[in-house]
Amino acid sequence: MARRGGRLVRQAARWGLGAVGAGVAVVAGLDLAGAGTGEVNPLRRTISEHGLGTYGWIFGLGVALLAAGSAAIGVALARTRLAGVFGTLALMAWSAGLLVTAWFPKHDWSVGPSLSGSIHRVGSLVAFLSLPVAALVIARPWWNAVWRSPRWRPWWRWVCAPWRKGRSNANLTAPHVC
């Protein structure tokens, strides 16, 4: 039975990765399609502005796919006990924030602020603050293993040498890095 459960967890992770990839492809496709029309300038505007355009439902679908895929990956990591409680909570906060961001469109400043836009802003704030926390917490055990590995130790000396020189010149201390 444990083997079957492991297979289901791996399958959920694969479906999650597929959904994340599809969501990213949809949003990137909107960016590429909008670049030629001048509808949304990705260098000057937020990506959520796609939700106000004629293809807003496609943007919502792409972000919802990203959120659902992230949640499936979070569940798979939690079931295999690779993410820990804080990593899982942060990844689920990212997913929930993305769902809120997909559901509620941003402010349309041509008509003024709205409740929907404020909810969108809070959802995006939760999402984009949670993702780096989740990445750092979930990756920490692997990073520590790589960092302390004798196989990589000679390489770290060369990678960190310029940083150490700069740190000694600036009198900065960061004992956990290099």
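Note: the structure precedes this text.
Residues numbered from 1 in each chain as written. Predicted model: local features only at pLDDT ≥ 70, side-chain atom pairs only at ≥ 80, totals over all residues. Heavy atoms only, no water.

Colleague: Sorry, what's going on with the overall build of the protein chain here?
Modeller: On a plain count of helices and strands, the protein chain comes out with five helices and zero strands. Within the span of the protein chain, comprising 178 residues, buried residues form 28% of the whole. The long-range fraction of contacts in the protein chain, counting pairs at least 24 apart against all pairs at least 6 apart in sequence, stands at 58%. (Helix = DSSP H or I, 4+ residues; strand = E, 2+ residues; numbered from the N terminus. Buried < 20%, exposed > 50% of the residue type's maximum accessible area, 1.4 Å probe, protein only. Contact = heavy atoms within 4.5 Å.)

Colleague: For this particular structure, what's the right way to read the nonpolar core?
Modeller: In this structure, L77, L91, W94, L98 and I138 are the most contacted members of the largest nonpolar core, which totals 16 residues. For L98, the residues in contact, after removing those within four places along its chain, are V63, L66, A67 and A127. (Core = buried A, V, L, I, M, F, W, Y, C linked by side-chain atoms within 4.5 Å.)

Colleague: How should helix α2 (residues 56-79) be read in this particular structure?
Modeller: Helical periodicity: at 3.6 residues per turn, an α-helix aligns residues three or four positions apart in one direction. Taking 1.5 Å of rise per residue, 24 residues should cover 34 Å, and α2 covers 34 Å from first to last C-alpha, within 8% of that figure. Backbone geometry just downstream of α2 places R81 in the positive-phi region, at approximately 60°. (Expected span 1.5 Å × (residues − 1).)

Colleague: Even after reading the chapter, I still don't get the packing of aromatic side chains, so can you show me in this structure?
Modeller: By convention here, two paired aromatic rings are described through the distance between centres and the angle between planes. All told, the structure shown has one aromatic pair when counted by the stated rule. Between W94 and F128, the aromatic rings sit 5.5 Å apart at their centres with planes inclined by 75°, giving edge-to-face as the arrangement. Taken together, the residues W94 in helix α3 (residues 84-103) and F128 in helix α4 (residues 115-148) connect sequence positions 34 residues apart. The class of W94 is buried, set by a relative accessible area of 7%. (Phe/Tyr/Trp six-rings, centres within 6.5 Å; stacked < 30°, edge-to-face > 60°.)

Colleague: What's the story with α3 in this structure? I'm lost.
Modeller: Between the first and last C-alpha of α3 there are 29 Å, a value that for 20 residues agrees with the 28 Å anticipated at 1.5 Å per step. Buried within α3 we find G87, T88, A90, L91, W94, S95, G97, L98 and T101.

Colleague: Sorry if this is basic, but what is going on with the environment of G18 here?
Modeller: You can see G18 is positioned in helix α1 (residues 2-37). Classification of G18 by relative accessible area gives partly exposed; the value is 43%. Sequence separation between G18 and G69 is 51 residues; the distance between their C-alpha atoms is 7.1 Å.

Colleague: Quick question: what am I supposed to make of the environment of L131 here?
Modeller: Mapped onto the secondary structure, L131 falls in helix α4. Taking the C-alpha atoms as reference, L131 lies 9.4 Å from G87; in sequence the two are 44 residues apart.

Colleague: How should unusual backbone geometry be read in this particular structure?
Modeller: Leaving glycine out, the prevailing phi sign among residues is negative, and the prevailing peptide bond configuration is trans. Here the phi dihedral of R81 falls at roughly 60°; this positive angle occurs in a residue that is not glycine. Within the secondary structure layout, R81 lies in the loop between α2 and α3. By relative accessible area, R81 is classed as exposed at 76%.

Colleague: Would you mind showing me how to read the packing of α2 against α3 here?
Modeller: The relative placement of two packed helices is expressed as an angle between their axes plus a distance between the axes. At a minimum axis distance of 8 Å, the contact between α2 and α3 shows a crossing angle of 165°. In terms of orientation, α2 and α3 fall into the roughly antiparallel class. The interaxial crossing formed by α2 with α3 has left-handed handedness. Each of G60, V63, A64, L66, A67, S70, A71, I73, G74, V75, L77 and A78 in α2 lies in contact with α3, whose residues at this interface are T88, L91, M92, W94, S95, L98, L99 and A102. Tallied by class, the residues present in the contact of α2 with α3 amount to 15 nonpolar, five polar and no charged. (Axes fitted to C-alpha atoms, helices over the stretch in contact; angles between N-to-C directions. Parallel < 35°, antiparallel > 145°, perpendicular 65-115°, else oblique. Left-handed = near helix turned anticlockwise from the far one by under 90°. Nonpolar A, V, L, I, M, F, W, Y, C, P; charged D, E, K, R; others polar.)

These results come straight from atomic positions and should not be treated as a statement about function.
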